[in-house]
Amino acid sequence: MAALTARRTRTDAPPEHPAPPPTRNTAVLVGFTAVTNLADGVVKMALPLLAAQRTDAPLQITAVALTFTLPWLLFALHIGVLADRVDRRRLLWAANALRMAAMGGLTVAAATQGPALPQLLVAGAVLGIADVLAATSASALVPAAVPPARRERANAWMVGAETVGQEFAGPFVGGLLLAAGTSLALGLTGVAYALAALSLLLLAGRFRPAPPPSGTVAVPTRRRIAEGLGFLWRDPVLRTLSLVVAVLASVWGAWLGLMPLHATTAMELGPREYGVLLSALGVGGLVGAVSVTWVNRLLGVRRAMLADLLGTAAMVALPALTTNIWAVAAGALLGGTGGTLWSVNARTLAQRRVPDAMLGRYSAAARMFTFGAMPVGTALAGVLAAAGGPRLAFGVFAAAALATLLPFLKYLTGAALRS
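Residues numbered from 1 in each chain as written. Predicted model: local features only at pLDDT ≥ 70, side-chain atom pairs only at ≥ 80, totals over all residues. Heavy atoms only, no water.

Peer 1: Report on the overall build of the chain, specifying residues and quantitative values.
Peer 2: Looking only at helices and strands, the chain has 16 helices and zero strands in total. Relative to a compact globule of 419 residues, whose C-alpha radius of gyration would be 22 Å, the chain shows 22 Å and is just as compact. With the C-alpha coordinates of the chain rotated into their principal frame, the extents come out at 80 × 60 × 40 Å. Evaluated residue by residue, the chain yields a buried proportion of 49% over its 419 residues. Pairs at least 24 residues apart make up 86% of the contacts formed inside the chain by residues separated by at least 6 positions. Of the roughly 18800 Å² of accessible surface on the chain, 69% is carried by carbon and sulfur atoms. (Helix = DSSP H or I, 4+ residues; strand = E, 2+ residues; numbered from the N terminus. Rg over C-alpha atoms; globule rule 2.2 N^0.38 Å. Buried < 20%, exposed > 50% of the residue type's maximum accessible area, 1.4 Å probe, protein only. Contact = heavy atoms within 4.5 Å. Areas by Shrake-Rupley, 256 points an atom, 1.4 Å probe, with all protein chains shown as cover.)

Peer 1: Describe the packing of helix 9 (residues 236–264) against helix 11 (residues 301–321), and please don't skip the residues or the numbers.
Peer 2: Where helix 9 meets helix 11, the axes come as close as 10 Å, and the angle between the chain directions of the two elements is 25 degrees. Classified by the angle between their axes, helix 9 and helix 11 sit roughly parallel to one another. When the axes of helix 9 and helix 11 are compared, the crossing they make is left-handed. For the pair helix 9 and helix 11, the contacting residues are Leu 241, Val 244, Leu 248, Val 251, Trp 252, Trp 255, Met 259 and His 262 in the first and Met 305, Asp 308, Leu 309, Thr 312, Met 315, Val 316 and Pro 319 in the second. In terms of residue class, the contact of helix 9 with helix 11 is built from twelve nonpolar, two polar and one charged. (Axes fitted to C-alpha atoms, helices over the stretch in contact; angles between N-to-C directions. Parallel < 35°, antiparallel > 145°, perpendicular 65-115°, else oblique. Left-handed = near helix turned anticlockwise from the far one by under 90°. Nonpolar A, V, L, I, M, F, W, Y, C, P; charged D, E, K, R; others polar.)

Peer 1: Can you break down the pattern of salt bridges residue by residue, with the values?
Peer 2: In the structure shown here, the tally under the stated rule is nine salt bridges. Between Asp 84 and Arg 88 there is a salt bridge, with the nearest N and O atoms lying 3.0 Å from each other. Arg 88 shares its class with Asp 84; the two are buried. Across the salt bridge formed by Arg 353 and Asp 235, the nearest N and O atoms sit 3.2 Å from each other. With Arg 353 in helix 12 (residues 325–353) and Asp 235 in the loop between helix 8 (221–234) and helix 9, this residue pair connects regions lying 118 residues apart in the sequence. The pair formed by Arg 353 and Asp 235 is uniform in burial state, with each residue classed as buried. One network of salt bridges, with partners in common, ties together Asp 84, Arg 88, Arg 223, Glu 227, Asp 356 and Arg 361. (Salt bridge = Lys/Arg side-chain N within 4 Å of Asp/Glu carboxyl O.)

Peer 1: Could you give an account of the side chain of Arg 88, with specific residues and numbers?
Peer 2: Within the fold, Arg 88 resides in helix 4 (residues 88–111). Discounting residues that sit within four places of it in the chain, Arg 88 has contacts with Ala 83, Ser 137, Ala 140, Leu 141, Phe 207, Pro 209, Asp 356, Leu 359 and Gly 360.

Peer 1: How would you explain the nonpolar core if you had to name every residue and give the values?
Peer 2: The biggest cluster of nonpolar side chains holds 58 residues, and the ones touching the most others in it are Leu 29, Trp 342 and Val 354. Take this core: its biggest share by element is eleven residues, from helix 5 (residues 117–145). Trp 342 has contacts with Leu 241, Val 244, Val 245, Met 305, Asp 308, Leu 309 and Phe 408, leaving out every residue within four places of it along the chain. Core analysis: the next-biggest nonpolar cluster, separate from the first, contains 29 residues, Met 259, Ala 320, Ala 332 and Ala 381 among them. (Core = buried A, V, L, I, M, F, W, Y, C linked by side-chain atoms within 4.5 Å.)

Fair warning: the whole summary comes from geometry, so function is off the table for now.
Shown next, in the form of structure tokens:
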């Protein structure tokens, strides 16, 4: 009987994750993030450009770009449930398999008559779903792969890799590859996804979420989604983080939506100057990723996150006050730096506060707040700009960014963040 009880105890207990290698898993995750985001940056630049070669209708061209972000609103919560049920490394493989399938189809089409608009829309939607699957699973996988003492650094380098790949290297490399040939650009992007998938074989450890206790009744998907959202809402720190980041994301959506018009009209910038202005965002993101550990030690996590609120407010306030490119670029640099400081610390806090069995659902819900708020901010900024001009819209969103100081200072106290 004692032996039977011991066997039952071992069977019912959650599987123990062996201690991961101190540096290898971090290197693999950062490498996977860097390669996939580089490829994502190429794709997100190339597909709308290919659509513009097929049609001059703005609605159809923007629809292609929309396919990359719309899945966050439609599927994020369901994918979060999946990430809490299935081995998260296998989900990363599945995401890259979807990416390779989409790029393979586009490469074949480019080698024949060129991808038609419906093919671009379908491929964009598949890539968008794969992005939700990969981002949710990778974030939930970090605690099982990286020891607590190294998570801040791992998160910093992963966020830095996302920034450099999506905002810098990806569009630049995509332009060079498209100039060499559409088939070459799409084919090499598919190869990059394949190499990233192979790198996951080097991860050491077990990445399946802890199973529910023995005898637990199966829970429907809808209820599991509600559990994830309820967990987020009941935790005052996580709830405040999500609401604040939703406002900040809408501010970013407004800045990105208004800046092309404002830069070319009020600021009278050409393509080269506008590229310099946009690159300030990426430079700031890289600075934040490199310096986050030092900033946290110097200021503390709370003040480092507070810097993002002030940096984002400066990013949208300066275009309302001046048309000087260097002043506006400095604001973009502050916004990019603060955004990375926030992202790294928010991820690290969540990985410490959220149980392993809830990490997938929390990650999906938190990102849904972010990516869902950006198009809302863009649309509202357009309405305000149409009514009173871009400077009015920039001023309103600067005030919105500053308004987040009140809930942040009230609920995200030092004691709350340490609990």
